[in-house]
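Architecture at a glance
Here are the chains, one letter per residue:
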Amino acid sequence: MSAGLRSSVLHWTTALPVLAVVLLALTWGRSLPGALVALVSCFLAGAVLAAVHHAEVIAHRVGEPFGSLVLAVAVTVIEVALIVTLMADGGDKSAALARDTVFAAVMITCNGIVGLCLLVGSLRRKVAVFNAEGTGAALATVTTVAGLSLVLPTFTTTTPGPRFSTPQLIFAALAALVLYGLFVTTQTVRHRDYFLPVTSTGELFEGSDHAGPPSVRATLTSLGLLALALIAVVGLAKAVSPAIESGVAEAGLPSSVVGIVIALLVLLPETIAAVRAARRDRVQTSLNLALGSAMASIGLTIPAVALATVWLPVPLVLGLGASHMVLLALTVVVGTLTVIPGRATPLQGGVHLALLAAYIVLAVSP
């Protein structure tokens, strides 16, 4: 794998971030025709893929569970950049974009990625085995932060509408950061073994099926290219944001679909990485990626967007509607029942995927 990583870095994942930054410089501040919007969109998607690839290289160097953490944070940086960029230019209709994107990320990770990986892992070995202690801790943290950030605003009365007042928003942002910090400490320091892959008998894997990690030089190269790719993602997203919003409007779809598009874009590469891990019987790594991304999506995105409200021209709407709260409650209940045994069959994977399908149907046709 080390040779494969070096070969890949020397090809498209090296060239694309550089070309994307060049394209950004050429198109910055200009009104883009349709053909150029399509080209910029292709480079935007490619920059996201390149960013996550280089995050994977860095993750392979630092090992598990730090690797899953690197991937989750990289994806969250992209998500925050896209949200803030679109909110800055979207007017009042983008007030709920952060809520829609974060909730979409939670549903995609906790139902889509988790369900798909449990299905792949259990079909391969009849039963997918993972560590219930670590997975349960991650799910509990995601549930708490999602409840405080996305459910509670619907029922507060200080500010009209599903919004927090300024003190409430500060509390929610600080609580998300503190819980995320505790989660990271638990995952990487105090109870690191809870988040390591386990065998069918519940014991930690001995050794690894990977080749040696990339060299320091390759890791530093990926770090620099990761920074370039993130810069390109932010800038190119700003360039194509009017086209995305107008396309959703012309299709007659609710504005919340924009949030789903953003979440799907940034989580697609991580979904691929999680499924690959599940195919190698590393279901715990897959769950680390899924729930770690959900935790980072809320724990880092909400504080970042809360800070951005200082200069954003629109209010921040965070409270979920009734149907979405029902879906979130079902996700938590089903996720808890899935995690407790530490083992899952294809049935559990199918149940989670059914919840994701219900979310998408209701998003398109509320």
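Residues numbered from 1 in each chain as written. Predicted model: local features only at pLDDT ≥ 70, side-chain atom pairs only at ≥ 80, totals over all residues. Heavy atoms only, no water.

1. A closer look at the overall build of the protein chain
Scanning the protein chain from terminus to terminus reveals 12 helices and 2 strands. Counted from the first residue to the last, the protein chain has its helices and strands arranged as α-α-α-α-α-β-α-α-α-α-α-α-β-α. Per-residue burial for the protein chain yields a buried fraction of 52% across its 366 residues. Taking the contacts inside the protein chain whose residues are at least 6 apart along the sequence as the reference set, 83% of them involve residues at least 24 apart. Of the roughly 15,500 Å² that the protein chain leaves accessible, carbon and sulfur atoms contribute 69%. (Helix = DSSP H or I, 4+ residues; strand = E, 2+ residues; numbered from the N terminus. Buried < 20%, exposed > 50% of the residue type's maximum accessible area, 1.4 Å probe, protein only. Contact = heavy atoms within 4.5 Å. Areas by Shrake-Rupley, 256 points an atom, 1.4 Å probe, with all protein chains shown as cover.)

2. Quick notes on the side chain of threonine 159
Structurally, threonine 159 is set in the loop between helix H6 (132–151) and helix H7 (166–190). On the basis of relative accessible area, threonine 159 is assigned to the buried category, the value being 13%. A polar atom in the side chain of threonine 159 sits 3.4 Å from the backbone nitrogen of serine 165. Excluding residues within four positions of it along the chain, threonine 159 makes contact with Phe164 and Ser165. (Polar contact = N/O pair within 3.5 Å; in protein donor to acceptor, adjacent residues only side chain to side chain.)

3. A short note on the packing of helix H5 (residues 97–125) against helix H12 (residues 346–364)
Put simply, H5 and H12 touch, their axes get as near as 7 Å, and they point 155° apart. Here H5 is positioned roughly antiparallel relative to H12, judged by the angle of their axes. In this structure, H5 meets H12 at a crossing whose hand is left-handed. Split into classes, the residues belonging to the contact of H5 with H12 amount to 15 nonpolar, 7 polar and 1 charged. (Axes fitted to C-alpha atoms, helices over the stretch in contact; angles between N-to-C directions. Parallel < 35°, antiparallel > 145°, perpendicular 65-115°, else oblique. Left-handed = near helix turned anticlockwise from the far one by under 90°. Nonpolar A, V, L, I, M, F, W, Y, C, P; charged D, E, K, R; others polar.)

4. Thoughts on the confidence of the model for the protein chain
Any residue range with low pLDDT should be treated as having predicted coordinates unsuitable for detailed reading. When pLDDT is averaged along the protein chain, the result is 82; 89% of the residues meet or exceed 70. When mean pLDDT is taken per element in the protein chain, helix H11 (residues 322–339) scores highest with 95 and helix H1 (residues 2–9) scores lowest with 46. (pLDDT = per-residue confidence, 0-100.)

5. Comments concerning the nonpolar core
With 94 residues, the main nonpolar core has Ile78, Met87, Leu236, Ile298 and Tyr359 as its most contacted residues. Each residue touching methionine 87, except ones within four places of it in the same chain, is listed here: Ser94, Ala95, Leu97, Ala98, Val305, Leu312, Pro313, Val314, Pro315 and Leu316. (Core = buried A, V, L, I, M, F, W, Y, C linked by side-chain atoms within 4.5 Å.)

6. As for the packing of H5 against helix H9 (residues 256–279)
Two numbers describe how H5 lies on H9: the axes approach to 8 Å, and their chain directions differ by 25°. Accordingly, the angle class assigned to the pair H5 and H9 is roughly parallel. Considering the relative orientation of H5 and H9, their crossing is right-handed. Among the residues making up the contact of H5 with H9, the classes are represented as 17 nonpolar, 6 polar and 3 charged.

7. Notes on helix H10 (residues 283–308)
Here H10 is 26 residues long and its end C-alpha atoms lie 36 Å apart, about the 38 Å a rise of 1.5 Å per residue gives. At threonine 301, H10 shows its maximal bend, which comes to roughly 25°, and the proline proline 303 appears one to four places after that position. Burial within H10 is extensive, with 23 of its 26 residues counted as buried. (Expected span 1.5 Å × (residues − 1). Bend = angle between axes of the 7 residues up to and from the residue.)

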